[in-house]
Amino acid sequence: MQLDDLYRRVIMDHYKNPRNRGTLNEESVTINLNNPTCGDRISLQLQVVDGKVTDAKFSGEGCSISMSSASMMTEAVKGKSFDEALTMADKFSALMKGEPVEFEELEDIEALSGVNKFPARIKCATLAWNALRKGIEHQHE
Amino acid sequence: MNINAIREQFPILHQEINGHPLVYLDSAASSQKPRSVIDAVNRYYELNNANVHRGVHTLGSRATDAYEGAREKVAKFLNAGATEQIIFTRGTTTALNLVASSYARSECGEGDEIVITPMEHHSNLIPWQQAAKATGATLKYIPLQPDGSISIEDVEKTITPQTKVVSVTHLSNVLGVVNPIKEITQIAHRNGAVMVVDGAQSAPHIKIDLKDLDVDFFAFSGHKMCGPTGIGALYGKKALLNKMEPIEYGGEMIDFVDLYESTWKEIPYRFEGGTPIIAGAVGLGAAIDFLKEVGLDEIDKHERRLTSYAYEKLSSMEGITVYGPKQNRVGLVTFNLDDVHPHDVATVLDSKGVAVRAGHHCCQPLMRWLNVSSTARASFYLYNSEDDIDRLVDALLQTKEFFGHAIG
């Protein structure tokens, strides 16, 4: 088990300097999600215009994996349509199963591929993406 | 106490994890099992397995004897008096839910109070929240001192003549503190309340004398004290159990069944509907034999020494916060490394073969009281040694270094 596979430099960079940490205005879509097994929590806010995510911000508490994943996710989905964002969420799930996936939009995300060798940590990495999925599905209803 | 001889009896400890000899520091979550317990469960299935309390055949009698023999062992182990005061359950959670669902729901009403503390495990908190909601009773909390301990003065102030139930953990699974159960029980009784104790963390480590403590209910789990998972017990005073309604109905627990009415067996059987956890009880009996042979006083002494060794070592490390009181602590040390999330700590420790728990420890209200979202916890048992703690400290230094570089 190689720790460097998990804690790649780009992950630690997103953890230390999170992108899009903060809040959006009240009209934005807010999704609060907990990881009940460990206490991590995320509050994701999406600004939505015509079926597109025009801005995304997050706040919350968690480990390096969950917070860096949230940072990368918010960067990646900005400007994407709902369908494009959901496709990325599917790609991320595949990445967590150890399947080879390319993220043209933001290759940083591929750095999280090492998480699949640490089964106990997959839930940390998927928290932000689950929040995104929930937010978009809520818009569809 | 000869640690090496004890370690020899735990097959699981003799393996490498991620290229390092295993250091298991998560016994507060679940303890490991000695060979004698594993063998007892196997032997039961290989030689004596049948259903209990029915059937006339030989195996049925042997299984019944084994199951009831285990009940006697539990009663003696806790100095509980009459054996029928021991109800086998799936564990502490089921035992506490039984008291909350049966006793509290029939005895509490509007204007009554249920008193607990903010350091309770979810399993000794949510059942009371729900019982209070269902009955209209008020849920009250004994406040904690700044170091996480309970002061008798606060107990006196919180418990009133309106209090019907007081339920407190004997030993906190986060703070490691041993609570003054005997004193709290006296105050509860003086106010006419019954005293319930969550013994999940105390039964494995401290000699329990229920006659001396005089509590009304005591719950514990087998798997935290060298026994199998899926078995635990509730002790209840006979007079209270006799007036409690069962919460599960079915086979084994009935006296007479008619089309529209049924009557129940005597205690403890009326609370053990369905085929009981026979092999689990046999394993628990073997675990009790094992612990008695080592000696609970010896185990307690060993663990207090280990715990204070770990407390000293960890609290003297730079960049580490240790939670809970220094005194009167048994079996565990909860801590955080500055600027590193406990998950990340636990992952790095695991890569060095050191198993600790990271998370909220099923104590979300206590985490908020401590003003943290989660913590790491190293917990000890009779098979741990000072060497294990030294390995933990080394691994923590490496964790600091690793994240110092990674984040720094």
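Residues numbered from 1 in each chain as written. Chains lettered and ligands numbered in written order. Predicted model: local features only at pLDDT ≥ 70, side-chain atom pairs only at ≥ 80, totals over all residues. Heavy atoms only, no water.

The name given to chain B in an unreviewed UniProt entry is Cysteine desulfurase, and the organism recorded there is Paenibacillus prosopidis. Word for word, the UniProt comment on chain B under Function (unreviewed entry) is "Catalyzes the removal of elemental sulfur and selenium atoms from L-cysteine, L-cystine, L-selenocysteine, and L-selenocystine to produce L-alanine." (UniProt positions renumbered as here; feature names shortened; annotations may be inferred.)

As annotated in an unreviewed UniProt entry, chain A is Nitrogen fixation NifU-like protein from Paenibacillus prosopidis. Turning to chain A, the UniProt record has this under Sequence similarities (unreviewed entry): "Belongs to the NifU family."

> Where do I start with the overall build of chain A in this structure?
Tallying secondary structure elements over chain A gives 5 helices and 3 strands in all. N-terminal to C-terminal, the α/β element order of chain A is α-α-β-β-β-α-α-α. Relative to its length of 141 residues, chain A is compact, with a C-alpha radius of gyration of 14 Å against a globular reference of 14 Å. Its C-alpha atoms give chain A principal-axis dimensions of roughly 45 × 30 × 25 Å. The 141 residues of chain A split such that 50% are buried. Once local pairs closer than 6 in sequence are excluded, the contacts in chain A between residues at least 24 apart make up 61%. Accessible area for chain A stands at about 6600 Å²; split by element, carbon and sulfur atoms hold 44% of it. Of the charged side chains in chain A, 17 are positive and 22 negative; the average position of the first set lies 6 Å away from that of the second. (Helix = DSSP H or I, 4+ residues; strand = E, 2+ residues; numbered from the N terminus. Rg over C-alpha atoms; globule rule 2.2 N^0.38 Å. Buried < 20%, exposed > 50% of the residue type's maximum accessible area, 1.4 Å probe, protein only. Contact = heavy atoms within 4.5 Å. Areas by Shrake-Rupley, 256 points an atom, 1.4 Å probe, with all protein chains shown as cover. Lys, Arg positive; Asp, Glu negative; His and termini not counted. Charge placed at Lys NZ, Arg CZ, Asp CG, Glu CD.)

> How should the packing of helix α2 (residues 35-48) of chain B against helix α10 (residues 278-294) of chain B be read in this particular structure?
The geometry of a pair of packed helices is captured by two quantities: the angle between their axes and the separation between those axes. Residues and elements named next belong to chain B. Two elements in contact, α2 and α10, have axes whose closest approach is 8 Å; the angle formed by their N-to-C orientations is 145°. As α2 packs across α10, the resulting crossing turns out to be right-handed. Residues S36, V37, A40, V41, Y44 and Y45 of α2 touch α10, and the partners they reach there are I278, A279, V282, G283, A286, A287 and F290. Residues belonging to the contact of α2 with α10 are distributed by class as follows: 11 nonpolar, 2 polar and no charged. (Axes fitted to C-alpha atoms, helices over the stretch in contact; angles between N-to-C directions. Left-handed = near helix turned anticlockwise from the far one by under 90°. Nonpolar A, V, L, I, M, F, W, Y, C, P; charged D, E, K, R; others polar.)

> Could you clarify how one ought to interpret the interface of chain B and chain A in this entry?
How large an interface is tends to be reported as the accessible area lost when its parts come together. Each partner contributes residues to the interface: chain B has 19 residues there, and chain A has 21 residues. On the surface where chain B and chain A come into contact, there are 1 salt bridge. Here D344(B) and R121(A) are joined by a salt bridge, their closest N and O atoms 2.7 Å apart. Considering every element that reaches the side of chain B that touches chain A, the biggest residue donor is helix α12 (residues 342-351) of chain B, with 6 residues. Grouping the amino acids of the side of chain B that touches chain A by side-chain chemistry returns 5 nonpolar, 11 polar and 3 charged. (Salt bridge = Lys/Arg side-chain N within 4 Å of Asp/Glu carboxyl O.)

> I'm lost on the side chain of E68(B) in this one. Help?
Residues and elements named next belong to chain B. Here E68 lies in helix α3 (residues 58-77). At a separation of 2.8 Å, a polar atom in the side chain of E68 contacts the side chain of R71. Sequence-distant contacts of E68, defined by excluding residues within four places in its chain, comprise H53 and Y269. (Polar contact = N/O pair within 3.5 Å; in protein donor to acceptor, adjacent residues only side chain to side chain.)

> Would you take a moment to explain the sheet that holds strand β14 (residues 332-337) of chain B for this structure?
Either a parallel or an antiparallel arrangement is found when strands of a sheet pair, and the pairing is made through backbone hydrogen bonds. All names here are of chain B. If you trace the 4 strands from one edge of the open sheet to the other, you get β13-β14-β17-β16, paired in antiparallel fashion. On the outer flanks of this sheet lie β13 (320-323) and β16 (357-359), each paired with one strand and no other. Strand-to-strand twist of the sheet, defined as the mean angle between neighbouring strand axes without regard to direction, takes the value 30°. Note that β13 and β14 share 4 bridges and pair antiparallel. Bridging from a neighbouring strand, T321 pairs with N336 of β14. Contacts between helix α11 (residues 296-315) and the sheet are confined to β13 and β14, with β14 contributing the most and set at about 15° to the helix. (Pairing = 2+ DSSP bridges.)

> Any chance you could explain α11(B) here in plain terms?
Structurally, the α-helix is built with 3.6 residues per turn, so residues lying three or four positions apart point the same way. All names here are of chain B. The end-to-end C-alpha distance of α11 is 28 Å, a good match for the 28 Å that 20 residues give at a rise of 1.5 Å each. Buried within α11 are the following residues: L296, I299, D300, H302, E303, L306, T307, A310, Y311 and L314. In a view along the axis of α11, the buried residues occupy a sector of 165°, so they form one face of it. (Expected span 1.5 Å × (residues − 1). Arc of directions from axis to C-beta.)

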